[in-house]
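Residue strings, one per chain:
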Amino acid sequence: MLAGSSAIFLFVSALLALALLKPGLGANVPPKRWLVWGGLAFPGVVLSALLVFALATGERLLPHPGTQAYTVEALPEQWLWRFRYPGGGESVGTLHIPAGQPVDVRVIGTDVIHSFWVPRLGGKIDAIPGHVNTIRLTADRPGSYGGVCSEFCGTGHTGMIFTALAHEAEGFEAALAAVLSGEAPR
Amino acid sequence: MSQVDLPLVPGDVAEPASGDAALPPKLTAAQRGLERIWATPPGWGRLSSVNHTVLGRRFIVAAFVFFAIGGVLAMLIRAQLASPRSAFVGPDVYNQIFTMHGTVMMFLFAIPMFEGLAIYLLPKMLGARDFAFPRLTALGFWCYLFGGSILIAALVMGVAPDSGWFMYTPLSSNVYSPGINADVWLLGVTFVEISAVAAAVELTVSILKFRAPGMTLAKMPLFAWYILVTAGMMLVGFPPLILGSILLELERAADLPFFDPTRGGDPLLWQHLFWLFGHPEVYIIFLPAAGILTTMIPVLARREILGYSWIVVAITALGFLSFGLWVHHMFTVGIPHLAQSFFSAASVLVAIPTGVQIFLWLGTLMAGRPRMSVPMLFVVGFFLIFVCGGLTGVMLAIVPFDWQAHDTHFVVAHLHYVLVGGFVFPMLAAAYYYLPHVTGREPLYGVGKLAFWLIFLGFNATFLVMHLTGLLGMPRRWAVVPEGYGWDWPNLVSSIGGFVMTAGFALFAADVLFQIRFGRRSKPDPWGAETLEWATAIPPRPYAFAAIPAVSSRTPLRDRPDLGAALERGEGYLAEPRHGWQETLVVGIADGRPEHIAVLPRPTFLPLLTALAIGAFVLSLLFKLYWLSPVALLLVTGLLLAWSGQAGQRQDHGPLSAGMGLALPLHAEVERPATWWGMLFLLVADATLFASLMFGGLFLWLVAPGWPGPAPLDLPWTPTVGLLVSALAAALLGRAALIAVPRSTRLAAALLVAAALAHALAAGCAILIAATAVPTPTLHAHMAVSVAVLGYVALHGAIGAVLAGLGAWRCLAGYVSAKRSADLRTGALWHGYTAAATLLALGFLVGLGRLAPLRELAVP
Amino acid sequence: MIGQRSAANLLLLTAGLVIWSSAFVTLYAALSIGCAFGWEAVQVGPVSLQRLVLVGLWLAHLALIAGLVLWMRGRARRASAGDGLAGFFGRTSLWASLVALAATLVNYAPILGLSACL
């Protein structure tokens, strides 16, 4: 996208430069050519291609039913992140997920609007009071990923960060149990 | 016929003859007469001005002052974010700063700035002496000034809004923002919005009706087309936000749970209402700037614009398509992907009419021989910056990309490229282009070039690198730059760039002041432009044209280069002043055939006083002095009624000479004067507000948690039938009065009194229904929406009663005759609309009551 | 009634785009209602009730605009013989309705492919 945009930008700048440096160059270009090629055909083709690509990609990222995904709940409140796991255990400030498999985060709205975002794992989704939104993430390898609240939520907005900790899929349940029982550091 | 005291003007008393070129040429006797009629009184009398040239200048100056305030706030933001260690305020103050920066720039700078430009320029471009409703222009200015002052005063006192310029609930609800900060935003901005809707009505009617004879819509300057589309968009785009603000203020003040998810409300409703306004708003800001570019580019390129008709089609399409994008601000709130695809596709589609314009401008430049000048420099700056902003805009319209970039600094960079590139640069170009027109003086270009380079380089230093900051993941609205993410150096570059840009703007301001004070007198049409605004004297006289020209092409000054001098000599329509009337011509909408003469109101303090009374009402709500609110409201009503005394004629004049052998009736004696059209467009805005309210009800029914509510709503029979019958009766009586006028104005007055009573009865019934059927509206959003709908009906009944009463008074006071029945026609529009809205409202309440239980069938 | 005929020109200029707006509102509403009430789960022949409703609404609007375009073409042809103003409105209204047709086609085409309620 960046390359395409740069090319378009350079193209427009070049036309502008020609207009200023070589006055009258376009005096014999019929106006309809500007409309049809510049105004309709060129953006039409570029944008259609982009739109089809975008919609296809978006479709692929959706949490389609049927795929097996590990599901956790996120309950952000002013100004901390609370996560709830299938067994009912909770952690605050750190989200534990298995690596190498899709994870559905059900983001549940509580007080004001927050937004769940782990930049390196995927897009963001808002936590809207009264609603539950689901986002599907996959951490390819174990590790620690930074997460933020990306919707402005008041005085503590800046500090409302969390860590997504991806564990090896095999030992995940055990690691999670250890963390939740307080045996391992959170 | 009104007897008016006319002030003396220079030239009345014998002046020493002088050949000094620095003095304006001597006025003819007719011009001195016009000057006396149209002049704004000196001293305190300046506050009574209703003249478009004066008010246009005031709008522009006030908007620039607010721009400076917004700029200072921006500098505070950049100082805070310059480095991880430079934060000097805590998050509570920082939140106020960035909220106010956005609010000031959007509501107090951008919109009023283009309004000011349009107000100053349009009548002159269209060949009219003023707008259709000069007092409304003045009221709009005062509302804007007072509303803006409330916001700035709150900032100075440290209680400015702090929930972001988008004011998302529940953060802005009274649970999470208990102070008056949010009320300041809701009330202050709504106050300013009154001004915007007033301007939209004013601009629409004036463009359609107040033009020079012969100027058909196909020969109208493109700038007027742009503003026509913009004004139309404002009529439909602003009401959702006004409604949202009213509902949120009702929630904060009276605990009506429209947005509270625990009681059947939904915060998403606010987002829909806000962005339903907020995205068209971007185009509302861009279109006037594009219009001024379309005006300047052909002149600077010395070549007629390519594709006049195509541009008309492109901006019409833009006006519509831009309403189909609002959810692209909400791609992360959990809306189905298919629904997102509609908005995504519309966001991509909207780029095409924009592209058409860009390429037609480029084509015009390439076909002509552009000359380098300061306005041209800013036009080039516009192209470079705006195209970048447009391209990142297309990126953001792509849903998966937006899921990443949303609410990061990438978006901040994008929106500044679009708004500064697409609005500020064209405005700066226009400033240098039109300054000779406003001041009558030649600019000193050296300083302007330096200002351009400082602004252009500073801007790119600030915002180009900010794309990177965003892609590196820095979220918006963080009060400090944390260390260790690689965000330090891009923020430092942005801050340095920001200060360079500010220096550029300061230089621009100094340059303008310098030019006003020291510039040499300019010749009449310094750019060799061919449109009518350059046929006025510069600086323009209060009456703009000493005589109104006949127009036969898009380039009147090419047809007749000496047109300006000819008009000064009185060769045109309405050249002879009479009766102390401010006269201008009104033409047919499409064909530009002269239809009648409008006599416009003279300077008056009423707009100022009315705005002060509205201000008192707003402040009473802000400080919760609810006992004062009805008093202030009565005062507003009384003052608005007083406006009526200065308008209209008490006798039939028949056709009057308009000069050039043309005889036309006065506005009071035609079927559809400007007021009729004004009412029509006001009702369009009103209907949009009502439609938004009904959309809100249905949206909550479908989406909000906690539906159906605790109890079904039962409309009591007697008052419901009473409401229906009396609303219909009011409309019919209003019509009947119109039919009765030729027979007897006393009969018409009696019928109107009956209509007023019927309206009052309807309002009473609506209140009774609300009181009996919805005893506790705070219980559930269904109840709250029902009360809001009934309140809307009651308010329209009450206003209808006042209008009908006013009509009766005007019948008895002699303003109405068989020929002069337009007042009643205008009133009949309101009565008819109120009846229709009442019918619809009752249907909506019954329907929502029936639908509510169905929600239980919904898939959770 | 010169005034009224004048205003009609402007209304015709926007007619096609008004239909596009109507399509936008009805399709968005139908999608939201359908998703809320589980139309996606109801099969009607090869497709879901949801998609059937959406495609039906889409085609109805397309047919409406197509009819408008045909009528506009006739109007533009008649007007080209007349004076400049009629010709201007004939041309611009025709183009605007063509723009509306293209916009309606592209804007809602995703209902043919994307999953409706995810």
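Remember, predicted model here, so these are calculated numbers, not experimental data.

Geometrically, a packed helix pair is captured by the angle between its two axes and the distance between the axes. Residues and elements named next belong to chain B. Following both chains from N to C, one finds helix H2 (residues 52-81) and helix H3 (residues 91-126) inclined at 155°, their axes separated by 7 Å at the closest point. Overall, the two elements H2 and H3 adopt an arrangement that is roughly antiparallel. The hand of the H2/H3 crossing is left-handed. For the contact of H2 with H3, a count of residues per class yields 26 nonpolar, eight polar and three charged.

The next subject is the state of the cysteines. Residue and element names in this part refer to chain C. In total, this model carries one disulfide over all chains according to the counting rule given. The disulfide partner of Cys35 is Cys117, and the S-S distance across this bridge is 2.0 Å. The chirality of the disulfide connecting Cys35 with Cys117 is left-handed, given an S-S dihedral of about -90°. Residue Cys35 is located in helix H1 (residues 2-36), and its partner Cys117 is located in the segment after helix H3 (84-108); the two are separated by 82 residues in the primary sequence. With a relative accessible area of 30%, Cys117 lands in the partly exposed category.

For the rest of this paragraph, the subject is the sheet that holds strand E4 (residues 94-98) of chain A. Residue and element names in this part refer to chain A. If you trace the five strands from one edge of the open sheet to the other, you get E4-E10-E9-E6-E7, paired in mixed fashion. In this open sheet, the two edge strands, each paired with only one partner strand, are E4 and strand E7 (124-127). Taken pair by pair, the neighbouring strands of this sheet meet at an average axis angle of 25°, ignoring direction. Where strand E6 (residues 114-117) and E7 come together, four bridges link them in antiparallel fashion. From the neighbouring strand, Phe116 faces E7, where its bridge partner is Ile125. Against the sheet, helix H3 (residues 172-180) makes contact with E4 and strand E10 (161-167), and its axis sits at roughly 160° relative to E4, the strand it touches most.

Another aspect to go through is the domain arrangement of chain A. Here the domain parsing of chain A yields domain 1 (2-61) and domain 2 (70-180). Of note, the centres of domain 1 of chain A and domain 2 of chain A, computed from C-alpha atoms alone, are 41 Å apart.

We now examine the environment of B:Val721. Among the structural elements, B:Val721 can be located in helix H21 (residues 717-740). Considering only alpha carbons, one finds B:Val721 and B:Ala762, 41 residues apart in sequence, at a separation of 9.8 Å.

Where strand E3 (residues 656-659) of chain B and strand E4 (residues 662-664) of chain B come together, three bridges link them in antiparallel fashion. From the neighbouring strand, B:Gly659 faces E4(B), where its bridge partner is B:Leu662.

Here we take up the side chain of B:Thr826. Relative to the elements of secondary structure, B:Thr826 occurs in helix H24 (residues 822-851). Apart from the residues lying within four places of it in its own chain, the contact partners of B:Thr826 are B:Thr675, B:Trp676 and B:Met679.

We now examine the interface of chain B and chain A. Contacts between the two partners involve 71 residues from chain B and, on the opposite side, 65 residues from chain A. Across the chain B to chain A interface the summed buried area is about 5,700 Å²; carbon plus sulfur atoms make up 77%. Counting across the chain B and chain A interface gives zero salt bridges. Here chain B and chain A share 11 residue pairs in polar contact (both at pLDDT 80 or more) between them. Every element with two or more residues in the side of chain B that touches chain A is listed here: H3, helix H7 (267-301), helix H9 (337-349), helix H10 (351-367), helix H11 (374-397) and helix H12 (399-405) of chain B. The leading source of residues in the side of chain B that touches chain A is H10(B), at 11 residues. A class-by-class count of the residues in the side of chain B that touches chain A yields 46 nonpolar, 17 polar and eight charged.

Okay, unusual backbone geometry next. Residue A:Gln78 is joined to A:Trp79 through a cis peptide bond whose omega torsion reads -10°. Tracing the backbone shows A:Trp79 in the loop between strand E1 (70-77) and strand E2 (80-84). Backbone torsion omega between B:Trp707 and B:Pro708 reads -5°, so that peptide bond is classified as cis. As for its placement among the helices and strands, B:Pro708 is situated in the loop between helix H20 (674-703) and H21. Backbone geometry places B:Ala544, a non-glycine residue, at a positive phi of 60°. Following the sequence through the fold, B:Ala544 ends up in the loop between helix H15 (488-518) and helix H16 (556-559). Accessibility expressed as a relative area gives 3% for B:Ala544, which makes it buried.

Before going further, it helps to examine the environment of B:Met376. By secondary structure assignment, the location of B:Met376 is in helix H11. Classification of B:Met376 by relative accessible area gives buried; the value is 0%. Separated by 83 residues in the primary sequence, B:Met376 and B:Leu293 have C-alpha atoms spaced 10.0 Å apart. Those residues in contact with B:Met376 that sit more than four places away from it in its chain are A:Leu20, B:Leu300, B:Leu365, B:Pro370 and B:Arg371.

Take the interface of chain A and chain C next. Think of interface size as the accessible area that goes away when the parts come together; that is how it is often given. On the chain C side, the residues contacting the six residues of chain A number four residues. Note on chain A versus chain C: buried area summed over both sides is about 470 Å², and carbon and sulfur give 74% of it. Counting the contacts that link chain A with chain C gives zero salt bridges. If you look at where chain A meets chain C, you find one residue pair in polar contact (both at pLDDT 80 or more). The residue makeup of the side of chain A that touches chain C, split by class, is four nonpolar, one polar and one charged.

On to the pattern of salt bridges, then. Under the defined criterion, the tally for this structure stands at 25 salt bridges over all chains. Residue B:Asp652 is joined to B:Arg820 by a salt bridge in which the shortest nitrogen-to-oxygen separation is 2.5 Å. Within this pair, whereas B:Asp652 is found in the loop between helix H19 (628-645) and E3, its partner B:Arg820 is found in the loop between helix H23 (781-812) and H24, the two being separated by 168 residues in sequence. With relative accessibility at 36%, the residue B:Asp652 sits in the partly exposed group. Look at the salt bridges and you will find they share partners, linking A:Glu73, A:Glu77, A:Arg82, A:Arg84, A:Glu90 and A:Arg106 into a network.

Residue and element names in this part refer to chain B. Per the stated rule, a full pass over the model turns up four cavities of 30 Å³ or more. In this structure, the largest cavity encloses a volume near 60 Å³. Elements supplying a minimum of two residues to the lining of the largest cavity: H3, helix H4 (134-156) and helix H5 (181-209). Top contributing element to the lining of the largest cavity by residue count: H5, with four residues. Each residue belonging to the lining of the largest cavity can be placed in one class, and the counts come to five nonpolar, three polar and two charged.

Cut-off values and rules
Position numbers for residues count from 1 along each chain, tracking the sequence in the order it is written. Think of it this way: whatever chain is written first is A, whatever ligand is written first is 1, and the rest follow in order. Thresholds applied to this predicted model are a pLDDT of at least 70 for local features of residues and 80 or more for the giving and counting of side-chain atom pairs; totals over whole chains, interfaces and linings are not thresholded and use all residues. Calculation of side-chain values draws on the structure's entire complement of heavy atoms; hydrogens and water are dropped beforehand. Only the stretch in contact is used when a helix axis is fitted, and all axes are lines through C-alpha atoms; the angle between N-to-C directions ranges over 0 to 180 degrees. Runs of H or I in DSSP of at least four residues are treated as helices and runs of E of at least two as strands, each being numbered from the N terminus. Orientation labels follow simple angle bins: below 35 degrees gives roughly parallel, above 145 gives roughly antiparallel, 65 to 115 gives roughly perpendicular, and whatever is left gives oblique. By the definition used in this description, the sense in which the near helix is turned from the far one sets the handedness, with an anticlockwise turn below a right angle giving left-handed and a clockwise turn giving right-handed. Residues are grouped as follows: nonpolar covers Ala, Val, Leu, Ile, Met, Phe, Trp, Tyr, Cys and Pro; charged covers Asp, Glu, Lys and Arg; every other residue, Gly included, is treated as polar. Any pair of cysteine sulfurs within 2.5 Å is marked as a disulfide. Residue burial is assigned from relative accessible area. The probe radius is 1.4 Å, only protein chains are included, and a residue is buried under 20% of its type maximum, exposed over 50%, and partly exposed in between. In this description, strands pair whenever DSSP reports at least two bridges between them. The contact criterion used throughout is that any non-hydrogen atoms of two residues lie within 4.5 Å. The domain limits used here are those given by an automatic or database domain assignment. Buried area: the accessible area, evaluated with a 1.4 Å probe, that two parts lose upon being put together, summed over both parts. Note on definitions: salt bridges are taken to be side-chain nitrogens of Lys or Arg within 4 Å of carboxyl oxygens of Asp or Glu. Whenever a nitrogen or oxygen atom comes within 3.5 Å of another N or O atom, the pair is scored as a polar contact, on the condition that within protein one atom can donate a hydrogen and the other can accept it, and that pairs from neighbouring residues in sequence are kept only if both atoms are in side chains. Both cavities and pockets are sets of points on a 1 Å grid over the protein atoms alone; in a cavity a 1.4 Å probe fits but cannot get out, in a pocket the set is open with protein on both sides within 12 Å along at least five of seven lines, and lining residues sit with an atom within 4 Å of a point. Grid points are joined across faces, edges and corners, and a volume is the space filled by probe spheres set on the points.

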